[in-house]
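# Observations on the model geometry
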Amino acid sequence: MNKRELLYYLKTENERDITDLFRTAYQIKTDNVGNTVYLRGLIEFSNICDKNCYYCGIRHDNRQLERYFLKKEEILEAARQAVNFHYGSVVLQSGECRETTFTTFVDDLVREIKGLGPSPGVTLCTGEQSYAVYKQWFDAGAHRYLLRIETSNRDLYSRLHPSDHSFEKRLHCLEMLKNIGYQVGTGFLIGAPGQTLENLAGDLLFLKKFDIDMIGMGPFLPHPQTIYATKTLNMSEKKKRFLLSLKMIALCRILLKDVNIASTTALQALDPQGREKALQVGANVIMPTLTPSQYRPQYLLYEGKPCITDSASDCRTCLTRRITAFGEKIGWDQWGDSPHFFNRTQSRVHD
Ligand code: SF4
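Being a predicted model, the structure only gives us computed values, none of them experimental.

## Regarding the packing of helix 3 (residues 72–84) against helix 4 (residues 100–114)
Between helix 3 and helix 4, the shortest axis-to-axis distance is 11 Å and the interhelical angle comes to 35°. Crossing angle aside, the handedness with which helix 3 passes helix 4 is right-handed. Together, Lys72, Ile75, Leu76 and Ala79 of helix 3 and Phe105, Asp108, Leu109, Glu112 and Ile113 of helix 4 make up the contact between the two elements. Broken down by class, the residue content of the contact of helix 3 with helix 4 amounts to 6 nonpolar, no polar and 3 charged.

## Describing the pairing of strand 1 (residues 36–46)
The buried fraction of strand 1 is high, at 11 of 11 residues. Strand direction decides the pairing type here: strand 1 and strand 11 (residues 329–330), joined by 2 bridges, are parallel. Bridge pairing links valine 37 to isoleucine 330 in strand 11. Relative to strand 10 (residues 285–286), strand 1 runs parallel, the two sharing 2 bridges. Directly across from tyrosine 38, in strand 10, lies its bridge partner valine 285. Pairing of strand 1 with strand 2 (residues 88–94), which is carried by 7 bridges, proceeds in the parallel orientation. Paired with glycine 41 across the bridge in strand 2 is valine 90. In terms of handedness, the path from strand 1 via helix 3 over to strand 2 forms a crossover that is right-handed.

## A few points about the side chain of lysine 247
Of note, lysine 247 is situated in helix 9 (residues 235–256). A polar contact is formed between the side chain of lysine 247 and the backbone oxygen of threonine 12, at a distance of 2.6 Å. Excluding residues within four positions of it along the chain, lysine 247 makes contact with Tyr9, Leu10, Lys11, Thr12, Ile18, Leu21 and Phe22.

## Quick notes on the packing of helix 1 (residues 3–11) against helix 8 (residues 197–210)
Between two packed helices, both the angle of their axes relative to each other and the distance between the axes serve to describe the pair. Where helix 1 meets helix 8, the closest approach of the two axes is 9 Å, and the angle between their N-to-C directions is 125°. With respect to helix 8, the axis of helix 1 lies oblique. For the crossing formed where helix 1 meets helix 8, the hand is right-handed. Residues Lys3, Leu6, Leu7, Leu10 and Lys11 of helix 1 form the contact with helix 8, whose participating residues are Leu197, Glu198, Leu200, Ala201, Gly202, Leu204 and Leu205. Taken together, the residues that form the contact of helix 1 with helix 8 break down as 8 nonpolar, 1 polar and 3 charged.

The rules behind these values
- Residues numbered from 1 in each chain as written.
- Predicted model: local features only at pLDDT ≥ 70, side-chain atom pairs only at ≥ 80, totals over all residues.
- Heavy atoms only, no water.
- Axes fitted to C-alpha atoms, helices over the stretch in contact; angles between N-to-C directions.
- Helix = DSSP H or I, 4+ residues; strand = E, 2+ residues; numbered from the N terminus.
- Left-handed = near helix turned anticlockwise from the far one by under 90°.
- Contact = heavy atoms within 4.5 Å.
- Nonpolar A, V, L, I, M, F, W, Y, C, P; charged D, E, K, R; others polar.
- Buried < 20%, exposed > 50% of the residue type's maximum accessible area, 1.4 Å probe, protein only.
- Pairing = 2+ DSSP bridges.
- Right-handed = clockwise from strand over helix to strand, strands pointing away.
- Polar contact = N/O pair within 3.5 Å; in protein donor to acceptor, adjacent residues only side chain to side chain.
- Parallel < 35°, antiparallel > 145°, perpendicular 65-115°, else oblique.

Listed below in structure tokens is the structure:
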């Protein structure tokens, strides 16, 4: 699809076209990555962040938030739970911190988690770091990295972030991660203040051009302790944003075919079956939370985050039921790597 066609589908309210779009996306998903859903146990191990992204509930300047940093044993316990639950992989996510105590802590942590049997796949989501740190963590055993760019449009990026947050630097980080050998993931806010449908079409083409392996994007949901607090969505806005999010996932699948696409928890904040519906239009990864429940209210990037009070075991039971009810299979004990990563690295070998 070219930009004009992408824009058409992002704009259209024609139900037949939307149904066709979703059906095509699901067919492309099953043809290229099958109908197995891979699970990543999500451990949000620290909400301490040096950055100040205007839309984010855990931004540095939010003084109303109680900060936490899990003890290593608490994180390892959550990782063991992932292994016992047969999730196959974990995602270690935190706010951004570049101090050596932090980077060394993550290094040790990854090594210990990789030592669990059977060794889970490890995805990191810990922000912008130097080449040396990314390499150190890769050598420790992390092999996937998520770094959302939030928008591929420089102007919009500068309106969503303070002036000392650099779009170029984020791009450079994505390049470094790719060069080191990570499977690289990125994603966008959908419906961010000031964003146009042209911006979103540009985002889709950015993913294609950058040859990304994994995608994690979600609807923009205003957080009450940010400057967007007054923009709480009414029911009709929620429905529209949810539909736009599904369209973005479907278009991603059609454009990129063999990538991994996460069905993010934020979708469930807009629709009770949000995550399952995303699986029906192209997504193939879900990240059930393993963050100890007492810390979850302190890791709210947006308002209305679901599953705050459920135990890890409740989440497992609930998600299993939801996924299989929609006819999808679960890839228990599998890392579920992005086929695109192997296809692109293989083609480089042959070049
Ligand atoms: S979006 Fe990420 S980097 Fe930005 S403030 Fe939130 S946690 Fe920090």
